[in-house]
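What the coordinates show
Chain by chain, the residues run as shown.
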Amino acid sequence: MNLRFFASIGGGQDGAIREDTLFRFGSRGGGYVYNLKDVEKSRLSPAILEHASKIALDAAEIIVPHCNSVCFGTEFASPEDEFPLLYCNVYNNYAKSEDPLLGMTCVYRILKNEDGFATKLVQLIQIGFTEKKGLWLSAGAEKDTRPYGNVTIDCESGHFYAFVMRDGDQNTRYFSFALPKLCEGEIDPRFGVPRVVLCEDRILDFFDAPYHNYIQGACCHGGLIYSVEGFGKKIHPAIRIIDPAEKKEIFYRDLHDMQLPAEAELIDFHRGNCLYGDARGNLIRLDF
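The sections below set out a description of the structure shown in this document. (Residues numbered from 1 in each chain as written. Predicted model: local features only at pLDDT ≥ 70, side-chain atom pairs only at ≥ 80, totals over all residues. Heavy atoms only, no water.)

**Looking at the overall build of the chain**
In terms of helices and strands, the chain carries one helix and 23 strands. For the chain, whose C-alpha radius of gyration is 18 Å, the value lies close to the compact-globule estimate of 19 Å for 288 residues. Taken along its principal axes, the extent of the C-alpha atoms in the chain is 55 × 45 × 35 Å. For the chain, buried positions account for 55% of its 288 residues. The long-range share in the chain, meaning contacts at least 24 apart out of those at least 6 apart in sequence, stands at 56%. Across the chain, the 31 positively charged side chains and the 41 negatively charged ones have centroids separated by 4 Å. (Helix = DSSP H or I, 4+ residues; strand = E, 2+ residues; numbered from the N terminus. Rg over C-alpha atoms; globule rule 2.2 N^0.38 Å. Buried < 20%, exposed > 50% of the residue type's maximum accessible area, 1.4 Å probe, protein only. Contact = heavy atoms within 4.5 Å. Lys, Arg positive; Asp, Glu negative; His and termini not counted. Charge placed at Lys NZ, Arg CZ, Asp CG, Glu CD.)

Now the structure itself:
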């Protein structure tokens, strides 16, 4: 694997790319939008990109996703929309609350306005078996460090993937579901939008991969799942590629010794090229 510094942007969590537009979010509902065409116009190497506009996730007064994983789906809320539905997971934002909202993903419609972009919360998707030991949680008595789960979507197959670190069993379990339609779900009175609960009977398949050490951003490309990981200075940033068809990990690389010491956060593809982003705002092209 080779790397090339692509651009410098603001720091944050994961993000998602649609054609030449990159949406990157923080852990408290705010984010920035970047035009990746500006890389070609820049005379600097790597290009220093100024955000085209700010963006805020709707309904932040009642639910705020951590945006540990962010991705676009396949469905459009309206035929005139430029962007399909956006999926951002809650992850650990409510870890200390009475209801930690385990396995919850917020679904947004992206709208254009005079200031650039706005969002509208339109649906919630929640894994319905996050308390079940031996399925979502480790089978043993040991408490899992991160039972929150990441998600990503394969737009080609229409699969919605959820995966979770399992400390007791020392593996990461991947689940696949059919991506819920926007018309699905029952209105949740707490949040005022439909909530779809993915119970065990909706599991299409599941399998175990090697233990991912503090999962961060994720994406799907070419039928494969790309997942990055790491935490602070002690847990090295790394990238893994998972083949759900073969139910196995096919690639792993520690990124620390490739002069990428900062915490991994973002991964997605731009016009066929894999872009990786760290907590400091470095955006790097990875060539496999």
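Alright, that's what it looks like, and here's the rest.
**Overview of the sheet that holds strand 16 (residues 205-210)**
Each strand in a sheet pairs with its neighbour through backbone hydrogen bonds, running either in the same direction (parallel) or in the opposite one (antiparallel). Taken in spatial order, the four strands make up an open sheet running 11-12-13-16, and their pairing is antiparallel. Looking at strand neighbours, the two that pair on one side only are strand 11 (150-154) and strand 16, the edges of this open sheet. Averaged over all neighbouring strand pairs, the angle between strand axes comes to 25°, with direction disregarded. Examined bridge by bridge, strand 12 (residues 159-166) and strand 13 (residues 171-178) share eight bridges and lie antiparallel to one another. When the bridges of strand 13 are listed, Val164 appears paired with Arg173. (Pairing = 2+ DSSP bridges. Axes fitted to C-alpha atoms, helices over the stretch in contact; angles between N-to-C directions.)

**Remarks on the side chain of Thr172**
Its place among the elements puts Thr172 in strand 13. Look at Thr172 and you get buried, because its relative accessible area is 0%. Reaching out from Thr172, the side chain makes a polar contact with the backbone oxygen of Pro210 at a distance of 3.4 Å. A polar atom in the side chain of Thr172 sits 2.9 Å from the backbone nitrogen of His212. Not counting chain neighbours up to four residues away, the residues in contact with Thr172 comprise Phe163, Val164, Met165, Phe207, Asp208, Ala209, Pro210, Tyr211 and His212. (Polar contact = N/O pair within 3.5 Å; in protein donor to acceptor, adjacent residues only side chain to side chain.)

**Some points on the sheet that holds strand 22 (residues 273-278)**
Spatially, the five strands line up as an open sheet ordered 5-1-23-22-21, and their pairing is mixed. What marks the edges here is a single partner per strand, and that holds for strand 5 (47-48) and strand 21 (264-270). Relative to strand 22, strand 21 is paired through six bridges, and the arrangement is antiparallel. By the bridge assignment, His270 is partnered in strand 22 with Asn273.

**Thoughts on the pairing of strand 18 (residues 224-231)**
Most of strand 18 sits out of view: seven of its eight residues are buried. Note: strand 17 (residues 215-221) against strand 18, five bridges, orientation antiparallel. Among the inter-strand pairings, Ile215 is bridged to a residue of strand 18, identified as Glu229. Between strand 17 and the antiparallel strand that follows it, strand 18, lie two residues; Gly222 among them carries a positive phi value of about 60°. Where strand 18 meets strand 19 (residues 235-243), six bridges bridge the pair, whose relative direction is antiparallel. Across the sheet, residue Phe231 finds its bridge partner in strand 19, namely Ile235. Adjacent in sequence and paired antiparallel, strand 18 and strand 19 are bridged by three residues, among which Gly232 carries a positive phi angle near 60°.

**Brief notes about the environment of Gly11**
Counting through the fold element by element, Gly11 comes out in the loop between strand 1 (2-8) and strand 2 (15-18). For the pair Gly11 and Gly277, spaced 266 residues apart in sequence, the C-alpha separation works out to 8.4 Å. Other than its neighbours up to four places away in sequence, Gly11 contacts Arg24, Ala279, Arg280 and Gly281.

**A look at unusual backbone geometry**
Phi is mostly negative for residues that are not glycine, and the peptide bonds are mostly trans. Cis geometry marks the peptide bond from Ser45 to Pro46, where omega comes out at 0°. Mapped onto the elements, Pro46 comes out in the loop between helix 1 (38-41) and strand 5. The phi dihedral of Ala59 falls on the positive side, at around 65°, and the residue is not glycine. You can call Ala59 buried: its relative accessible area is 10%. In this model, Tyr214 sits at a positive phi of 70°, which is unusual for a non-glycine residue. Along the chain, Tyr214 turns up in the loop between strand 16 and strand 17. Owing to a relative accessible area of 19%, Tyr214 belongs among the buried residues under this scheme.

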